[in-house]
Each structure stands twice: as structure tokens, then as C-alpha cells.
Amino acid sequence: FAMLGASASNSAELEEFPLRCWERQRATRRNSKSSPILEAVYDNLPQLLVLALGAAMAGGNALALIRPPEAKKDAGDLERAPIGRSVAYIALGLLAAGWALATLLS
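Figured I'd write up the structure that's included with this text. (Residues numbered from 1 in each chain as written. Predicted model: local features only at pLDDT ≥ 70, side-chain atom pairs only at ≥ 80, totals over all residues. Heavy atoms only, no water.)

Points about a nonpolar patch on the surface
Part 1 of the argument: Residues Ile37, Val41, Leu45, Leu48 and Leu49 make up a contiguous nonpolar surface patch of about 430 Å² in total accessible area.
Part 2 of the argument: Among the secondary structure elements, those contributing two or more residues to the nonpolar patch are α2 (36-43) and α3 (45-66).
Part 3 of the argument: Ranked by residues supplied to the nonpolar patch, first place goes to α3 with 3 residues.
Part 4 of the argument: The partly exposed category is assigned to Leu48, whose relative accessible area is 32%. (Patch = residues over 30% accessible without salt bridge, like charges linked within 9 Å, V, L, I, M, F, W, Y side chains within 5 Å. Areas by Shrake-Rupley, 256 points an atom, 1.4 Å probe, with all protein chains shown as cover. Salt bridge = Lys/Arg side-chain N within 4 Å of Asp/Glu carboxyl O. Helix = DSSP H or I, 4+ residues; strand = E, 2+ residues; numbered from the N terminus. Buried < 20%, exposed > 50% of the residue type's maximum accessible area, 1.4 Å probe, protein only.)

See below:
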């Protein structure tokens, strides 16, 4: 702070500056005429992304176990997805999606 000319008295102000900017942005966003749906998506974006990725992970691996490919495309392709890894990814995806859904509903 010394290079910026900040003294001990205004160093607390400099530490609070990012928080004040964030609060001002949030107040401006809430007072604007944007749609409530966009505000809900914006406020819950991390939870929605975790929900989408978890559901995709669980669903994709479940489908890989249920319907393996009919023919090999490459010489290195497996006939069937590894069961242990697929079950682990399904569990991880369900855990992530469940956490996100619980967070959104609470």
C-alpha cells in the first residue's frame, strides 16, 4: 500500500473496496428492469452447472452400460464400458446432481 500512498487510516477502506463494488453491482442489478428468470439463473448459476454436469455424467455412463455400441469403430475400442468405472461415475454424478438439487430447493 505504501507505493500507492495509502496510510494506515485508509488501508481498511482499500480492503473493503472490492466488497463495496460487489454490493453496488448487486444493488444495481436488482434495481434494473431485467427479467426475474434471468436473475434467478444468474444467482444460481454454479448450482445449475453442477446439476447439469452431474446429471450428464450419471446419464451418459448409465447409457454406456445399458446400450454398448453395436460395432467397434477403432481397433482399440472396448466391446463394453468398464463396469466398475461406470458405476463409480454414475455414483459421483448422482451425488453432484443431488447436492445441486438440494441446494437449489433449500
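More follows now that the structure is in view.
As for the packing of α3 against helix α4 (residues 83-105)
Part 1 of the argument: The geometry of α3 relative to α4 is characterised by a closest axis approach of 7 Å and an angle of 150° between their N-to-C directions. With respect to each other, α3 and α4 are oriented roughly antiparallel. The two elements α3 and α4 cross, and the hand of that crossing is left-handed.
Part 2 of the argument: Of the residues that constitute the contact of α3 with α4, the class distribution is 20 nonpolar, 6 polar and no charged. (Axes fitted to C-alpha atoms, helices over the stretch in contact; angles between N-to-C directions. Parallel < 35°, antiparallel > 145°, perpendicular 65-115°, else oblique. Left-handed = near helix turned anticlockwise from the far one by under 90°. Nonpolar A, V, L, I, M, F, W, Y, C, P; charged D, E, K, R; others polar.)

Here we look at the side chain of Asn61
Part 1 of the argument: Following the sequence through the fold, Asn61 ends up in helix α3.
Part 2 of the argument: Exposure remark for Asn61: the relative accessible area of 17% places this residue in the buried category.
Part 3 of the argument: Setting aside its immediate chain neighbours within four residues, Asn61 contacts Ser86, Tyr89 and Ile90. (Contact = heavy atoms within 4.5 Å.)

Comments concerning the packing of α2 against α3
Part 1 of the argument: Here α2 crosses α3 at 70°, and the two axes come no closer than 5 Å. Taken together, the axes of α2 and α3 are roughly perpendicular relative to one another. Across the interface between the two elements, Val41, Tyr42 and Asp43 of α2 pack against Leu45, Gln47 and Leu48 of α3.
Part 2 of the argument: Tallied by class, residues from the contact of α2 with α3 come to 4 nonpolar, 1 polar and 1 charged.

A few points about α3
Part 1 of the argument: Helix length check: α3, at 22 residues, gives a terminal C-alpha distance of 31 Å against a target of 32 Å (1.5 Å per residue), a fit within 8%.
Part 2 of the argument: Packing partners of the buried residues in α3 comprise α2 and α4. (Expected span 1.5 Å × (residues − 1).)

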